[in-house]
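Okay, here's what each chain looks like letter by letter:
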Amino acid sequence: MALTIPAPSREDPAADAPGVVVLAGGCFWCVEAVYLDLAGVTRVVSGYTGGAAATANYRAVCGGATGHAEAVEIHYDPAMLSFGRLLQVFFTVAHDPTQHNRQGNDVGTQYRSAIFTLNDAQAVMARDYVAQLNQAGVFDGPIATEVTPLTHFYPAEDTHQDYARQHPDQPYICAVALPKVEKLHAHFPQLLRKN
């Protein structure tokens, strides 16, 4: 089993004040599946960030020219989880942060790695954590993850919500999402929902 990525060297309660984090790490089906298994996560919404409302739809975003990223909006209870812990899960199991504008066979800016921050505390923590991981050399290459303020989050169509749980036998889910969930269970058993 690969080594778990170290946690952020510090926490900041101000980063948890919104109780929301928005992350992009490739296909939103896979990132959503990881976070739905965490105790303390109250809701996960798949959607689009970084582009205009008029083109915030699956067909347009998949074309790669809208400026959006497929992302997930994670709502959580700060008494059970922290922004820092959610970032640790993001870098450990949710995606490969060294891939620029892609995740595996999913290629394009819509699959970029990004942390969309909701306040200054989240921005500082996210940048510090990326620097900490780069300095520690935990990955084979530099981290490509963008840290940028959230401007808009557009929920995806209903068919894309809770997709992995609704389609567990779909080949893409079996090949890409399920291994991420299994990795979460192996690395963070203490964070999982009990049921």
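Residues numbered from 1 in each chain as written. Predicted model: local features only at pLDDT ≥ 70, side-chain atom pairs only at ≥ 80, totals over all residues. Heavy atoms only, no water.

(A) Geometry of the pairing of strand β7 (residues 146-149). With 4 bridges joining them, strand β6 (residues 113-117) and β7 adopt parallel strand pairing. Looking across to β7, one finds that threonine 117 is bridged to proline 149. Each parallel crossover has a hand, and the one from β6 via helix α5 (residues 120-136) to β7 is right-handed. (Pairing = 2+ DSSP bridges. Helix = DSSP H or I, 4+ residues; strand = E, 2+ residues; numbered from the N terminus. Right-handed = clockwise from strand over helix to strand, strands pointing away.)

(B) Broad picture of the pattern of salt bridges. Per the stated rule, a full pass over the model turns up 3 salt bridges. Put simply, glutamate 146 and arginine 112 hold a salt bridge, and the shortest N to O gap is 3.4 Å. Within this pair, whereas glutamate 146 is found in strand β7, its partner arginine 112 is found in the loop between β5 (106-107) and β6, the two being separated by 34 residues in sequence. Judged by relative accessible area, which is 33%, glutamate 146 ranks as partly exposed. When its relative accessible area of 9% is taken as the criterion, arginine 112 is described as buried. (Salt bridge = Lys/Arg side-chain N within 4 Å of Asp/Glu carboxyl O. Buried < 20%, exposed > 50% of the residue type's maximum accessible area, 1.4 Å probe, protein only.)

(C) Spatial organisation of the pairing of strand β1 (residues 20-25). Counting buried positions along β1 gives 6 out of 6 residues, so the element sits mostly inside the fold. The alternating pattern of β1 places Val20, Val22 and Ala24 and Val21, Leu23 and Gly25 on opposite faces, both of which are buried. When β1 meets strand β3 (residues 69-76), the two strands line up antiparallel, connected through 4 bridges. Along β3, the bridge assignment pairs valine 22 with glutamate 73. Across 4 bridges, the pairing between β1 and β6 is antiparallel.

(D) Representation of the packing of aromatic side chains within the structure. Overall, the coordinates contain 7 aromatic pairs when judged by the stated rule. An angle of 15° between the planes, with centres 6.3 Å apart, marks the rings of tryptophan 29 and tyrosine 58 as stacked. Here tyrosine 58 lies in helix α3 (residues 58-62) and tryptophan 29 lies in helix α2 (residues 28-36), a separation of 29 residues in the sequence. Residue tyrosine 58 is classed as partly exposed on the basis of its relative accessible area of 24%. Where tryptophan 29 meets tyrosine 163, the ring centres are 3.7 Å apart and the plane angle is 5°; that geometry is what we call stacked. (Phe/Tyr/Trp six-rings, centres within 6.5 Å; stacked < 30°, edge-to-face > 60°.)

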